[in-house]
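Here are the chains, one letter per residue:
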Amino acid sequence: MSQKTAVYPGTFDPITNGHLSIVNRALKIFDKLVIAILNNPFKAPLFSLEERIDMIQKALKEKTNVEVDSFDGLLVDYVIKKKSNVILRGLRALSDFEYEFQMALMNRKLNREVQSIFLMTDYKWFYTSSTIIKEAASLGGDISGLVPALVNEKLKEKFGY
Ligand code: PNS
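Since the model is a prediction, treat every value here as computed from it, not as a measurement.

## Topic: the pattern of salt bridges
- Tallying each qualifying case throughout the model produces 10 salt bridges.
- The closest approach of N and O atoms between Glu100 and Arg89, which form a salt bridge, is 2.8 Å. Of this pair, Glu100 sits in helix 4 (residues 94-110) while Arg89 is found in strand 4 (residues 86-91), placing the two residues 11 residues apart along the sequence.
- For Glu100, a relative accessible area of 6% corresponds to the buried category.
- Two residues, Glu153 and Lys156, come together in a salt bridge whose shortest N-O distance is 3.9 Å. Placement of both Glu153 and Lys156 in helix 6 (residues 149-158) is noted, with a separation of 3 residues, approximately one turn of the helix.
- Overall, Glu153 belongs to the partly exposed group, its relative accessible area being 45%.
- Through salt bridges with shared partners, one network takes in Lys32, Glu67, Asp69 and Lys82.

## Observations concerning the site of the ligand
- Around the ligand, the surrounding shell holds 14 residues, and the nearest of these are Thr11, Lys43, Leu75, Arg89 and Asn107.
- Take Thr11: an N or O atom from its side chain is 2.5 Å from an oxygen atom of the ligand.
- With respect to the ligand, the side chain of Lys43 contributes an N or O atom lying 3.2 Å from an oxygen atom.
- It is helix 4 that provides the largest number of residues to the shell around the ligand, a total of 4 residues.
- Among the residues making up the shell around the ligand, the classes are represented as 8 nonpolar, 4 polar and 2 charged.

## Looking at the pairing of strand 1 (residues 5-10)
- The buried fraction of strand 1 amounts to 6 of the 6 residues, a majority that puts the element mostly inside the structure.
- Of the two faces of strand 1, both are covered, the one formed by Thr5, Val7 and Pro9 as well as the one formed by Ala6, Tyr8 and Gly10.
- Where strand 1 lies against strand 2 (residues 32-38), 6 bridges are found, and the strand directions are parallel. If you follow Pro9 over to strand 2, its bridge partner there is Ala36.
- Read as a crossover between parallel neighbours, the route from strand 1 over helix 1 (residues 17-26) to strand 2 is right-handed.

## Quick word on the packing of helix 2 (residues 49-59) against helix 6
- Contact pair helix 2 / helix 6: the axes reach a minimum separation of 10 Å and the direction vectors enclose 150°. Considering their axes alone, helix 2 and helix 6 lie roughly antiparallel with respect to each other. Contact with helix 2, carried on its side by Glu51, Met55, Lys58 and Ala59, involves Leu150, Val151, Lys154 and Lys158 of helix 6 and no other residues of that element.
- Here the residues of the contact of helix 2 with helix 6 sort into 4 nonpolar, no polar and 4 charged.

Criteria and thresholds
- Residues numbered from 1 in each chain as written.
- Predicted model: local features only at pLDDT ≥ 70, side-chain atom pairs only at ≥ 80, totals over all residues.
- Heavy atoms only, no water.
- Salt bridge = Lys/Arg side-chain N within 4 Å of Asp/Glu carboxyl O.
- Helix = DSSP H or I, 4+ residues; strand = E, 2+ residues; numbered from the N terminus.
- Buried < 20%, exposed > 50% of the residue type's maximum accessible area, 1.4 Å probe, protein only.
- Near = heavy atom within 4 Å.
- Polar contact = N/O pair within 3.5 Å; in protein donor to acceptor, adjacent residues only side chain to side chain.
- Nonpolar A, V, L, I, M, F, W, Y, C, P; charged D, E, K, R; others polar.
- Pairing = 2+ DSSP bridges.
- Right-handed = clockwise from strand over helix to strand, strands pointing away.
- Axes fitted to C-alpha atoms, helices over the stretch in contact; angles between N-to-C directions.
- Parallel < 35°, antiparallel > 145°, perpendicular 65-115°, else oblique.
- Contact = heavy atoms within 4.5 Å.

Structural data, given as structure tokens:
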């Protein structure tokens, strides 16, 4: 039987427990997952690409069937390059839907062989996002339990406390 691989793309600045929940659930469906970090020079991430790769690798070090990689250019081209035809995305609130729908339709227009699939987030992570976690952390808020411990430490380092 051939291996079924899905590509889970995103900015992951930084990885959260919400992302990890999607990864763990996707591994119940797919044989292999490629976590693909967009290398976007126009976005100014808090963490460098190397830092983001390192944090994800450490958070998922027990998973042998997860690859952490970066990409630039079109996502659909990258998916084909990784010998996959699945883009995996997590969905939280309704507010995610419009953006995700637009992106899925554009990706479908660009390559009809590539399918987008969505996993609903666990209710525990409904309100979290990398952006809101960074904001709380930057103001000294306690974000433990929302990100892996090593990410919490890196956030504290970044914000100097
Ligand atoms: O975590 P994010 O920031 O919501 O992830 C967005 C991402 C990386 C999935 C999206 O920006 C993307 O796929 N960029 C690659 C460029 C591309 O293929 N664009 C055309 C389809 S919308």
